[in-house]
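Below are the chains, spelled out letter by letter.
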Amino acid sequence: MKIVTDFSVMSRPVRVGRSFNPAGLFGGADRGVFFEPAQTASLFQTTTASLAATLPGQSVARINDLSTKGGPALQAITAARPVLGILPASGRKNLLLHSEDLTQSAWLKQGVSATAPNTVAFVAGNNSANRVIQVLDVGQRNGQTFYSRLRVPPAAQWSDPTATLFVGSTIATLASVTATAEWQEIAVQETYTSSGAFIGMVLWANKATVISGLEKMQVTKGAAAAYQRVGSVYDVTEASSRSLAYLYRDGVDDALPVTLPDLGSNATIAFASDQAASILTGQTVAAGAFDILRHQRLFAMLVIDRALNASEAQQLAAYLDKVSGRTP
Amino acid sequence: MRVTIACPEGMINDANQLAMALGQGVADLQSFRAALWQDDQANRYACASFEADEDWITKLATEIQRPGWDSGPSYAINLTGARRAQTSLGLWLASDTETQPPAALPDRLTAIAGLSAERALEMMALTAM
């Protein structure tokens, strides 16, 4: 019988000792594997380990076993490889892509040009003809509140201080600029009352002007939140939150199998994903391919051919919660 | 940029030739495998989703050539099949605000770029079987 235990739910808070390393669970006779994407030295873009995978957005063809008891997990098919990603432990809140680079194609330039990552040459006109826009597919916006804001330069530094910049579909002007420790910002909060899947951040000016210093663009669902830099969908960081590394599975064809020996019927499988941090006891693991990817994001995976004692299980549960951001 | 491709069941062989020509080796012959998705007419599709770089997009826009790794003497890639798949592939970019995303069709390869795989399959009106 398989017993499924979710220690993140049932256990009392346990601090992970800084010295705890799941690889240390493997004694001399133990067999199994341990993978942790945060150990980027174990990641490669090729199955032969000839090219390291260290940057968010890079596909991972190989992850080496950190227990030293097993082999690597490999994917030879280019399209079936997971992607290395990082996100803040606080979770992703900024819905925008390329939050500091208006030259990226995610920002559509209609009648204007972005001459540098934070500089736009606006022309006079209305917001449907001359604008910079990023459209976001949010599934269903009706009844949802979104908070848009960006860092803007002090008005005195603008080439045309009489220009007005608009953000979002609700108009906010420079008159609403608020200076905080983090932002010199224009902010707009909108609650949508119509159906539809798309929202956007729109920037336009009512006079021809060049505006530089536009940065820290952010749209969040619900309330305002601390700024998160979004380099890509796989590269999200927040200054006040530690970063978590994960392997992204697209849910269509991705897999990263490791070849295991027969580990018997009392094996332990432990993993941390976006869906769960779980320790599965009494598992039967037959010889063959074992896909380490669980759910959309994998933070850690351990397979060992024995049961864990209570102390080991408690430390491992705390570790799984920590690497997946469930605990600070 | 993430690209998600729906391949009609009868075109899997050609699609895998194209995947090899745009990919990194013979393992890419397995890019499109079982047809596990279907449209509302019960037509079946094999799907693949991956991160594509600018080079991939550029290659797709020009006539497919044999990659350097397929150097012979017996070639792995059937270029005729790869080019047939290339010709039948329609790529829609999420940044395209002028046209609607395409539904999957049983006589062509349909690709959506710039959306998550889950959202792309939804736009193509495909459901898992």
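Let me sum up the structure you'll find in this document. (Residues numbered from 1 in each chain as written. Chains lettered and ligands numbered in written order. Predicted model: local features only at pLDDT ≥ 70, side-chain atom pairs only at ≥ 80, totals over all residues. Heavy atoms only, no water.)

1. Thoughts on the sheet that holds strand β6 (residues 127-128) of chain B
Residues and elements named next belong to chain B.
Then, number 1: Read across the sheet, 6 strands follow the order β4-β5-β1-β3-β2-β6 without closing on themselves; strand pairing throughout is mixed. A strand with exactly one partner marks an edge of an open sheet, and here the two such strands are β4 (89-93) and β6.
Then, number 2: Relative to strand β5 (residues 109-113), strand β1 (residues 2-8) runs antiparallel, the two sharing 4 bridges. Each residue of the ladder has a partner; that of Val 3, found in β5, is Ala 113.
Then, number 3: Sitting on the sheet, helix α2 (residues 54-61) is in contact with β1, β3 (44-51) and β4, with an inclination near 135 degrees to β4.
Then, number 4: Across the sheet, helix α3 (residues 79-88) lies against β4 and β5, angled at about 45 degrees from β4, the strand it touches most. (Pairing = 2+ DSSP bridges. Helix = DSSP H or I, 4+ residues; strand = E, 2+ residues; numbered from the N terminus. Contact = heavy atoms within 4.5 Å. Axes fitted to C-alpha atoms, helices over the stretch in contact; angles between N-to-C directions.)

2. Regarding the nonpolar core
Then, number 1: In this structure, Val 3, Ile 5, Leu 18, Phe 32, Trp 56 and Leu 109 of chain B are the most contacted members of the largest nonpolar core, which totals 28 residues.
Then, number 2: Within the residue set of this core, elements represented by two or more residues are β1, α1 (12-22), β3, α2, α3 and β5 of chain B.
Then, number 3: Looking at this core element by element, the count peaks at 7 residues for α1 of chain B.
Then, number 4: In this structure, Phe 26, Phe 34, Ala 277 and Ala 317 of chain A belong to the second largest nonpolar core, which totals 26 residues. (Core = buried A, V, L, I, M, F, W, Y, C linked by side-chain atoms within 4.5 Å. Buried < 20%, exposed > 50% of the residue type's maximum accessible area, 1.4 Å probe, protein only.)

3. Things to note about the interface of chain A and chain B
Then, number 1: The interface of chain A with chain B comprises 18 residues on the first partner and 21 residues on the second.
Then, number 2: One can count 1 salt bridge joining chain A with chain B.
Then, number 3: Measuring nitrogen to oxygen at the nearest pair gives 3.1 Å for the salt bridge that ties Asp 250 of chain A to Arg 2 of chain B.
Then, number 4: The interface formed by chain A and chain B contains 7 residue pairs in polar contact (both at pLDDT 80 or more).
Then, number 5: By residue class, the composition of the side of chain A that touches chain B is 11 nonpolar, 2 polar and 5 charged. (Salt bridge = Lys/Arg side-chain N within 4 Å of Asp/Glu carboxyl O. Polar contact = N/O pair within 3.5 Å; in protein donor to acceptor, adjacent residues only side chain to side chain. Nonpolar A, V, L, I, M, F, W, Y, C, P; charged D, E, K, R; others polar.)

4. Side note on the pairing of strand β8 (residues 113-116) of chain A
In regular strands, side chains alternate between the two faces of the sheet.
All names here are of chain A.
Then, number 1: Alignment of β8 against strand β9 (residues 119-122), held across 3 bridges, turns out to be antiparallel. Bridge pairing in β9 places Ala 114 opposite Val 120.
Then, number 2: Taken together, β8 and the strand that follows it, β9, pair antiparallel across an intervening segment of 2 residues.

5. A word on the environment of Arg 131 of chain A
All names here are of chain A.
Then, number 1: Tracing the chain through its elements places Arg 131 in strand β10 (residues 131-137).
Then, number 2: C-alpha of Arg 131 to C-alpha of Lys 109: the two residues are 22 residues apart in sequence and 6.2 Å apart in space.
Then, number 3: Not counting residues within four places of it along the chain, the set of residues in contact with Arg 131 comprises Leu 108, Lys 109, Gln 110, Val 112, Val 202, Leu 203 and Trp 204.
Then, number 4: At a separation of 2.5 Å, a polar atom in the side chain of Arg 131 contacts the side chain of Gln 110.

6. Topic: the side chain of Asn 16 of chain B
Residue and element names in this part refer to chain B.
Then, number 1: With respect to the helices, strands and loops of the structure, Asn 16 is situated in helix α1.
Then, number 2: Judged by relative accessible area, which is 4%, Asn 16 ranks as buried.
Then, number 3: With near-sequence residues (within four places) excluded, Asn 16 lies in contact with Asp 28, Leu 29, Gln 30, Ser 31 and Phe 32.

7. Points about the packing of aromatic side chains
Any pair of aromatic rings gets described here by the distance separating the centres and the angle formed by the planes.
Then, number 1: In this structure the tally under the stated criterion is 6 aromatic pairs over all chains.
Then, number 2: Look at Phe 34 of chain A and Tyr 319 of chain A: their rings are 6.1 Å apart centre to centre, the planes differ by 65 degrees, and that puts the pair in the edge-to-face class. With Phe 34 of chain A in strand β2 (residues 32-35) and Tyr 319 of chain A in helix α2 (residues 310-323), this pair connects stretches of sequence that are 285 residues apart.
Then, number 3: By relative accessible area, which is 7% here, Tyr 319 of chain A ends up buried.
Then, number 4: For the pair Phe 50 of chain B and Trp 56 of chain B, a centre-to-centre distance of 5.2 Å together with 65 degrees between the ring planes defines the contact as edge-to-face.
Then, number 5: For Phe 50 of chain B, a relative accessible area of 11% translates into the label buried.
Then, number 6: An aromatic cluster of three or more residues is present, and its members are Phe 20, Phe 34 and Tyr 319 of chain A.
Then, number 7: One Lys or Arg, Arg 294 of chain A, reaches over the ring of Phe 271 of chain A and ends 5.1 Å from the middle of that ring.
Then, number 8: Across from the ring centre of Tyr 75 of chain B, 3.9 Å away, lies the NZ or CZ of Arg 66 of chain B, which sits over that ring. (Phe/Tyr/Trp six-rings, centres within 6.5 Å; stacked < 30°, edge-to-face > 60°. Lys NZ or Arg CZ within 6 Å of the ring centre and 35° of its normal.)

8. Digging into a nonpolar patch on the surface
Then, number 1: Together, Met 1, Leu 91 and Leu 93 of chain B line one region of the surface with nonpolar side chains, adding up to about 230 Å² of accessible area.
Then, number 2: Positionally, Leu 93 of chain B belongs in strand β4. (Patch = residues over 30% accessible without salt bridge, like charges linked within 9 Å, V, L, I, M, F, W, Y side chains within 5 Å. Areas by Shrake-Rupley, 256 points an atom, 1.4 Å probe, with all protein chains shown as cover.)

9. Quick notes on α2 of chain A
Residues and elements named next belong to chain A.
Then, number 1: With 14 residues, α2 should reach 20 Å at 1.5 Å per residue; the first-to-last C-alpha distance of 20 Å fits that figure.
Then, number 2: Of the residues making up α2, those classed as buried are Glu 312, Ala 313, Leu 316, Ala 317, Ala 318, Tyr 319, Leu 320, Asp 321 and Val 323.
Then, number 3: Its side-chain oxygen placed 3.1 Å from the backbone nitrogen of Ser 311, Asn 309 serves as the N-cap of α2.
Then, number 4: Positive backbone phi, at 80 degrees, marks Gly 325, one or two positions downstream of α2. (Expected span 1.5 Å × (residues − 1).)

10. Re the side chain of Asp 253 of chain A
Then, number 1: Topologically, Asp 253 of chain A is positioned in the loop between β20 (243-248) and β21 (257-260).
Then, number 2: This buried residue, Asp 253 of chain A, is left without a salt bridge; Arg 33 of chain B holds the nearest opposite charge, at 4.9 Å.
Then, number 3: In this structure the side chain of Asp 253 of chain A is engaged in a polar contact, spanning 3.2 Å, whose partner is the backbone nitrogen of Ser 49 of chain B.
Then, number 4: With residues up to four places along the chain from it excluded, the contact list for Asp 253 of chain A reads Ala 79 and Ala 80 of chain A together with Ser 31, Arg 33, Cys 47, Ala 48 and Ser 49 of chain B. (Lys, Arg positive; Asp, Glu negative; His and termini not counted.)

11. A word on the sheet that holds β8 of chain A
Residue and element names in this part refer to chain A.
Then, number 1: Pairing is antiparallel in the open sheet, where 3 strands are placed in the order β8-β9-β16. The sheet is open, and its two borders are formed by β8 and β16 (209-212), each paired with just one other strand. Between one strand axis and the next, the sheet turns through 25 degrees on average, direction left out of account.

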